[in-house]
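# Structure assessment
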Amino acid sequence: MVRGRRSIVTKKTMRLRLAAATALMLVPPAAQAQGVQTISRSDRAQGAEANPQLLAEFGGRYAGPQAAYVERVGKRVAVESGLSNAQGDFTVQLLNSPVENAFAIAGGYVYVTRQLLALMNSEDELAFVLGHEVGHVAARHSASRQRTSAVGGLLAGVIGAVAGDSGLGQLIGSGARQATQLYSLKFGRDQEYQADTLGIRYVAGAGYNPGAAPLILAKLGASTDLETRAAGRGGTSVPTWLSTHPSSAARVAQARALAQQTGRGTAAPVQDIAFLKMLDGLRYGDDPAQGVIDGQTFRQPAMRIKFTAPSGYTITNATQAVTVQGPNGQAQLMAAAEGQSPVQAVARRFEALGGQIAAEQLRETSIGGRRAATATVAAAVNNQGVDATVVAIAFPSATYVWTIVTPSGAETTVFDRMLGSFTSMTAPEADAVRGRRIQIYTVRPGDTIDSLARKMAYRDFQADRFMTLNGLPSSAALRAGMLVKLVVTG
């Protein structure tokens, strides 16, 4: 907040898919892309309009030196798609986001987040991920994708709520909805196989090793599983790459077979020293400028605010808002327009949601010794009743607005406690908030996985995080002189 799986595939089915994929790889890229050979004027216009929204949703462009590296690789791979024969027609951007994701949109716009970049161990892996995303665009998969919920808008599960005479239509801002729909679209299995096939074709054509494809797919799966375990939940509320790009062991196996069929799909055991050194200093996890999540506590040092979410609830930080989700409801925090009082902020929030609030429904109160206002309306979501509550609290620097949705008549004690924890930070507290970065470390004699894992800037799952980040199996042995990634405070 800046401002404001597995599937069972028979051997016969696998052989058929491999045969079809092999045949597809023999077709020129332009033909694979369903006849698309140039970036049309309309596609350029669509991409140019969506690009600022996506940048805002994902924290903007990352300013580190790694951005130029990603741009070079992305353009080199994208031109192999046949969408254009000029690298200058593509816009490839590294995003300042702590979410592992990558995507591409019409008009030649290709994106990868710094968090996903940090998981990679070679330029070949980066090339495949970007090529895979370009493959989705080239094959026009967006027309048939299944829409799923996304981070960034308000309360993803409460789209289309209706609140009687209040006219409350949607609990998500139109700008955020427009942006999130562009990337939070779930691909089907066949589309993933085709994008993998195209991506491998592009990678090989650009001179990269396609054997990196199954490696990064497997690492993405391991990373997603680790974060699920670390968060203590059965699924993720953040649209990571695997949540929008379904994977399976069969998909990894197919990618490995396709890579081998190119004649260049070796496992490449030699470390990509230049790539790893490029990662040194890369921001990892939350950016303090946008706010930091530490367990159940969220801190925003630039705005000097903090709160603690209830146990069992997850915090998701986007550029324009922070969302808290759990078993008994969801809440979103954002800053009100400058100069608004709590009463005005509550009224304006309901207006922004498409509804009106009567004066008698507004109640002025005090929360944590600060002026506040609140109002609640009844709504219906999928024929189930909910209560939508807006709470505005005045701080010296700004008025902040919470929008909370709970089942109709449900106990709200957990959210009351969260509102009570919402407070300001002192200057020393704000200065003490630190982020994390990638450090490239040269293994010394005597170093072990356990000893290096203890250097990871986490209190839990240190060894698991170390091995997943470096793509190391449990049986791996370190050797002096090799490079490894650490996550350190900084």
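Residues numbered from 1 in each chain as written. Predicted model: local features only at pLDDT ≥ 70, side-chain atom pairs only at ≥ 80, totals over all residues. Heavy atoms only, no water.

### Here we look at the overall build of the protein
Here is the rule we go by: Strands are runs of DSSP state E lasting at least two residues, helices are runs of H or I lasting at least four, and both sets are numbered from the N terminus onward. Each residue is placed in one exposure class: buried if its accessible area under a 1.4 Å probe, protein chains only, is under 20% of its type's maximum, exposed if it is over 50%, and partly exposed if it falls in between. Accessibility throughout is a Shrake-Rupley quantity obtained with a 1.4 Å probe, and a residue counts as covered only by protein chains that appear here.
For the protein, the helix and strand inventory stands at 17 helices and 19 strands. A burial count over the protein gives 54% of its 490 residues as buried. Looking at the protein as shown, the accessible area adds up to about 20,900 Å², and 50% of this sits on carbon and sulfur atoms.

### Topic: the packing of aromatic side chains
Defined as follows: Stacked, edge-to-face and tilted are the three classes for Phe, Tyr and Trp ring pairs, Trp counted by its six-membered ring, which pair at centre distances within 6.5 Å; planes under 30 degrees apart are stacked, over 60 edge-to-face, the rest tilted.
Scanning all chains against the criterion turns up 10 aromatic pairs. Aromatic pair F307 and W402: ring centres 5.0 Å apart, planes at 80°, arrangement edge-to-face. You can see F307 sitting in strand β9 (residues 305-308) and its partner W402 sitting in strand β16 (residues 399-407), a full 95 residues away along the chain. Accessibility assignment for this pair places F307 and W402 in one class, buried.

### What to know about the nonpolar core
Quick note on the threshold: Residues enter a nonpolar core if they are buried and are Ala, Val, Leu, Ile, Met, Phe, Trp, Tyr or Cys, with the set joined through side-chain atoms within 4.5 Å. Contact between two residues is taken to exist if any of their heavy atoms lie within 4.5 Å; hydrogens are not considered.
Counting residues in hydrophobic clusters, the biggest one holds 69 residues, and the most contacted among them are V112, L117, M120, L126, L279, I438 and F466. No other element matches helix α6 (residues 123-138), which puts eight residues into this core. Not counting residues up to four positions away in its chain, the partners in contact with L279 are Q66, L117, A118, M120, I438, I440 and K485. Counting residues in hydrophobic clusters, the runner-up holds 25 residues, among them I315, A372, Y400 and F415.

### Let's talk about the packing of α6 against helix α9 (residues 212-231)
Going by this rule: Angular values range over 0 to 180 degrees, each being the angle between N-to-C directions of two axes fitted as lines to C-alpha atoms, with helices fitted over their stretch in contact. The scheme is simple: roughly parallel for angles under 35 degrees, roughly antiparallel for over 145, roughly perpendicular for 65 to 115, oblique for anything else. All residues other than Ala, Val, Leu, Ile, Met, Phe, Trp, Tyr, Cys, Pro, Asp, Glu, Lys and Arg, Gly among them, are scored as polar; the first ten of these are nonpolar and the last four charged.
Where α6 meets α9, the closest approach of the two axes is 8 Å, and the angle between their N-to-C directions is 80°. The angle between α6 and α9 places the two elements in the roughly perpendicular class. Counted together, D124, E125, F128 and V129 of α6 and A212, A213, L215, I216, L217 and K219 of α9 form the full contact between these two elements. Taken together, the residues of the contact of α6 with α9 break down into seven nonpolar, no polar and three charged.

### Structural notes on unusual backbone geometry
Unlike most non-glycine residues, R304 shows phi in positive territory, near 55°. Tracing the backbone shows R304 in the loop between β8 (297-300) and β9. Residue R304 is classed as partly exposed on the basis of its relative accessible area of 39%. We note that F461 has phi near 50°; this positive angle belongs to a residue other than glycine. With a relative accessible area of 28%, F461 lands in the partly exposed category.

### Regarding the sheet that holds β9
Neighbouring strands of a sheet are bound in pairs by backbone hydrogen bonds; such pairs are parallel or else antiparallel. The following threshold applies: At least two bridges found by DSSP between two strands is the condition for calling them paired.
The four strands are arranged β7-β8-β9-β17 in an open sheet whose pairing can be described as antiparallel. Every interior strand has two partners, whereas the edge strands, β7 (292-294) and β17 (423-424), have only one. Pairing analysis gives four bridges linking β8 to β9, with the strands arranged antiparallel. Paired with T297 across the strands is T308, a residue of β9. Running over the sheet, helix α14 (residues 413-421) touches β9 and β17 and is turned about 150° from β9.

### Things to note about the side chain of N51
Secondary-structure assignment places N51 in helix α3 (residues 41-57). Judged by its relative accessible area of 9%, N51 falls in the buried class. Dropping the residues within four chain positions of it, N51 is found in contact with R61, Q93, I105, Y109 and Y111.

### Overview of the confidence of the model for the protein
It should be kept in mind that the predicted coordinates are not to be read in detail where pLDDT is low. This is how the line gets drawn: You can read pLDDT as the predictor saying how much it trusts each residue, on a scale of 0 to 100.
When pLDDT is averaged across the protein, the result is 82; 79% of the residues are at 70 or more. Contacts from residues 4-36, a stretch scored under 50 in pLDDT, to residues over four places away or in other chains number 63 contacts. Counted against residues more than four places away or in other chains, residues 146-184, with its pLDDT under 50, gives 106 contacts.

### Regarding the pairing of β8
As defined by bridge partners, β7 adjoins β8 across three bridges and the pair is classed as antiparallel. Paired with D294 across the strands is T297, a residue of β8. Between β8 and β9, which pair antiparallel in sequence order, lie four residues; one of them, R304, sits at a positive phi of approximately 55°.

### Section: helix α11 (residues 249-261)
Selection rule: In this scheme, a helix's expected span is set at 1.5 Å multiplied by one less than its residue total.
For α11, built from 13 residues, the straight-helix expectation of 18 Å at 1.5 Å per residue is met to within 8% by its first-to-last C-alpha distance of 19 Å. A positive phi of about 85° marks G263, the residue just after α11.

### Focus on the sheet that holds strand β3 (residues 109-113)
Across the sheet, which stays open at both edges, the three strands sit in the order β1-β3-β2 with mixed pairing between neighbours. Each edge of the sheet is formed by a strand with only one pairing partner; in this case those strands are β1 (91-95) and β2 (102-105). Put simply, the sheet's adjacent strands are angled 15° from each other on average, direction ignored. Across five bridges, the pairing between β1 and β3 is parallel. Across the sheet, Q93 pairs through a bridge with Y111, a residue of β3. Packing of α6 onto the sheet brings it into contact with β2 and β3, and relative to β2 it is tilted by some 35°.

### Details of the environment of I357
With respect to the secondary-structure elements, I357 resides in the loop between α13 (342-352) and β13 (363-367). For the pair I357 and V377, spaced 20 residues apart in sequence, the C-alpha separation works out to 8.2 Å. Here I357 is in contact with A347, F350, L362, A375 and V377, once residues within four sequence places are set aside.

### Let's talk about the pattern of salt bridges
Rules: The working definition used for a salt bridge is a side-chain nitrogen of Lys or Arg within 4 Å of a carboxyl oxygen of Asp or Glu.
Under the definition given, this model contains 13 salt bridges. Residue E351 is joined to R348 by a salt bridge in which the shortest nitrogen-to-oxygen separation is 3.0 Å. One end of the pair is E351 and the other is R348, both in helix α13 and three residues apart, which spans about a single turn. For E351, a relative accessible area of 37% corresponds to the partly exposed category. Take R348: its relative accessible area is 35%, and that puts it in the partly exposed class. Salt bridges here are not isolated pairs; linked through shared partners, they connect E192, D196 and R251.

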